[in-house]
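# Secondary and tertiary structure notes
Residues per chain are reported as follows:
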Amino acid sequence: MDYVFDSDSELGHDHLDHLGNVLDPPTRWCLERLGLGPNARCLELGAGSGSIANWLAARTGEVVAVDIATTQLADAAPGVKVLQHDLRDGLGVDGPFDLIHARLVLLHIPEREKIFTQLVDALAPGGHLVLGDFTGRVLQPIAVPAPEDSALWERMQYLSHEIVGKTRGISLSWAAEVPHRMTAAGLVDVHTTEYSETTAGGSDGCLLHRNLNRQAEPLLLAAGATTDELARYRALMLDPRFRAWFYQLLYTSARKPA
Ligand SMILES: C[S@@+](CC[C@H](N)C(=O)[O-])C[C@H]1O[C@@H](n2cnc3c(N)ncnc32)[C@H](O)[C@@H]1O
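The structure presented is a predicted model; accordingly, all values stated were derived computationally and were not measured.

Okay, unusual backbone geometry next. Residue Pro96 follows Gly95 across a cis peptide bond; omega there is 0°. Mapped onto the elements, Pro96 comes out in the loop between strand S3 (80-84) and strand S4 (97-103). The residue Leu104 is not glycine, and still its phi comes out positive at about 60°. Positionally, Leu104 belongs in the loop between S4 and helix H3 (112-121).

Our next topic: the side chain of Asp149. Tracing the backbone shows Asp149 in helix H4 (residues 148-167). Although Asp149 is buried, it forms no salt bridge, and the closest oppositely charged side chain is Arg232 at an N-O distance of 5.0 Å.

One open sheet accounts for three strands, arranged S6-S9-S8; its pairing is antiparallel. Pairing within the sheet leaves two strands with one partner each, and these edge strands are strand S6 (141-143) and strand S8 (198-200). Strand-to-strand twist of the sheet, defined as the mean angle between neighbouring strand axes without regard to direction, takes the value 30°. Strand direction decides the pairing type here: S8 and strand S9 (residues 243-245), joined by three bridges, are antiparallel. Bridge pairing in S9 links Thr198 to Trp245.

Around the ligand, a shell composed of 16 residues is seen, among which Gly46, Asp67, Asp86, Leu87 and Arg103 lie nearest. With respect to the ligand, the side chain of Asp86 contributes an N or O atom lying 2.9 Å from a nitrogen atom. With the chains in place, 98% of the 590 Å² that the ligand exposes on its own is no longer accessible. Among the residues making up the shell around the ligand, the classes are represented as seven nonpolar, five polar and four charged.

This brings us to H4. Taking 1.5 Å of rise per residue, 20 residues should cover 28 Å, and H4 covers 27 Å from first to last C-alpha, within 8% of that figure. Those residues of H4 that sit buried are Asp149, Leu152, Trp153, Met156, Gln157, Leu159, His161, Val164 and Gly165. The inward-facing, buried residues of H4 contact S6, helix H6 (204-215), helix H7 (217-222), helix H8 (227-236) and S9. Of the residues trailing H4, Gly169 is marked for its positive phi of about 80°.

Right, let's talk about the nonpolar core for a bit. Leu23, Leu31, Leu56 and Phe134 are the most contacted members of the largest nonpolar core, which has 48 residues in total. Counting only elements with at least two residues in this core, the list comes to helix H1 (10-32), helix H2 (51-57), strand S2 (63-67), strand S5 (123-134), H4, H6, H8 and strand S10 (249-255). Element by element, the count of residues in this core is highest for H1, at six residues. Within the second largest apolar cluster, 26 residues are counted, among which are Leu43, Phe116, Leu129 and Ala254.

Let us look at H3. Every buried residue of H3 is accounted for by Arg112, Ile115, Phe116, Leu119 and Val120. Relative to the axis of H3, the buried residues are bounded by an arc of 140° and lie together on one face. Among the structural elements, strand S1 (42-45), S4, S5 and helix H5 (174-184) are those in contact with the buried residues of H3.

Calculation notes
Residues numbered from 1 in each chain as written. Predicted model: local features only at pLDDT ≥ 70, side-chain atom pairs only at ≥ 80, totals over all residues. Heavy atoms only, no water. Helix = DSSP H or I, 4+ residues; strand = E, 2+ residues; numbered from the N terminus. Buried < 20%, exposed > 50% of the residue type's maximum accessible area, 1.4 Å probe, protein only. Lys, Arg positive; Asp, Glu negative; His and termini not counted. Salt bridge = Lys/Arg side-chain N within 4 Å of Asp/Glu carboxyl O. Pairing = 2+ DSSP bridges. Axes fitted to C-alpha atoms, helices over the stretch in contact; angles between N-to-C directions. Near = heavy atom within 4 Å. Polar contact = N/O pair within 3.5 Å; in protein donor to acceptor, adjacent residues only side chain to side chain. Areas by Shrake-Rupley, 256 points an atom, 1.4 Å probe, with all protein chains shown as cover. Nonpolar A, V, L, I, M, F, W, Y, C, P; charged D, E, K, R; others polar. Expected span 1.5 Å × (residues − 1). Contact = heavy atoms within 4.5 Å. Core = buried A, V, L, I, M, F, W, Y, C linked by side-chain atoms within 4.5 Å. Arc of directions from axis to C-beta.

Without other data, these values stay purely geometric and don't point to any function.
Written out as structure tokens, the structure is:
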């Protein structure tokens, strides 16, 4: 099943910018604590805008950035080797790697279990695997301009995650499975960090929700959303009086025994 969004499009470009603005700080924190050396060889899967690949390249050795859509990786930093490749056909590059990182990639790809096995195989002895994915935690509204906005928000989350997401092979349960799979695969020092924050209308988290809603419009309409609901939801995502929990991200890291 193909990826729902298009990172090469203008909306896809904004999508990745919003993601980076919200999630790059916690991602850098998770990666920094691994203490990677200047010669570490890194694999950045589903590299998107390249923000993390570029950051890694400034601190480590070679970084291979793999994505099915690479328009935004055209200006990648020196030290980043860009590879346009579909991960459903294997990793596209030989290991071993001292770090393999994927943020919000495996939840989108139904072949995630097969890819996970390939990632473990591609780790160098002592190498780190770091996977970050959203969970299915219900995203509670905290403040709404009008009482009916809560129901609208809940309906859009339901249609996006329970109808569109599930029919497109997106897994919001994968993130919680990762620690167990890492242990079962023989990795050690398994450690999970949970990250979540609130987001207000007009800020990156709500702009991301709005962006995803626009990109998925045909799928949402097919799932039963009306054009009026979509318009009201998108206006709500710009209204600073609205506040809700953003997605919950689980970051799990583990190491291959040396
Ligand atoms: C939600 S975005 C996350 C991007 C980036 N990791 C981040 O967190 O900002 C998912 C990324 O995975 C890429 N992707 C999706 N399916 C893919 C596949 N089968 N093979 C390679 N890349 C894929 C998309 O093009 C997109 O850049």
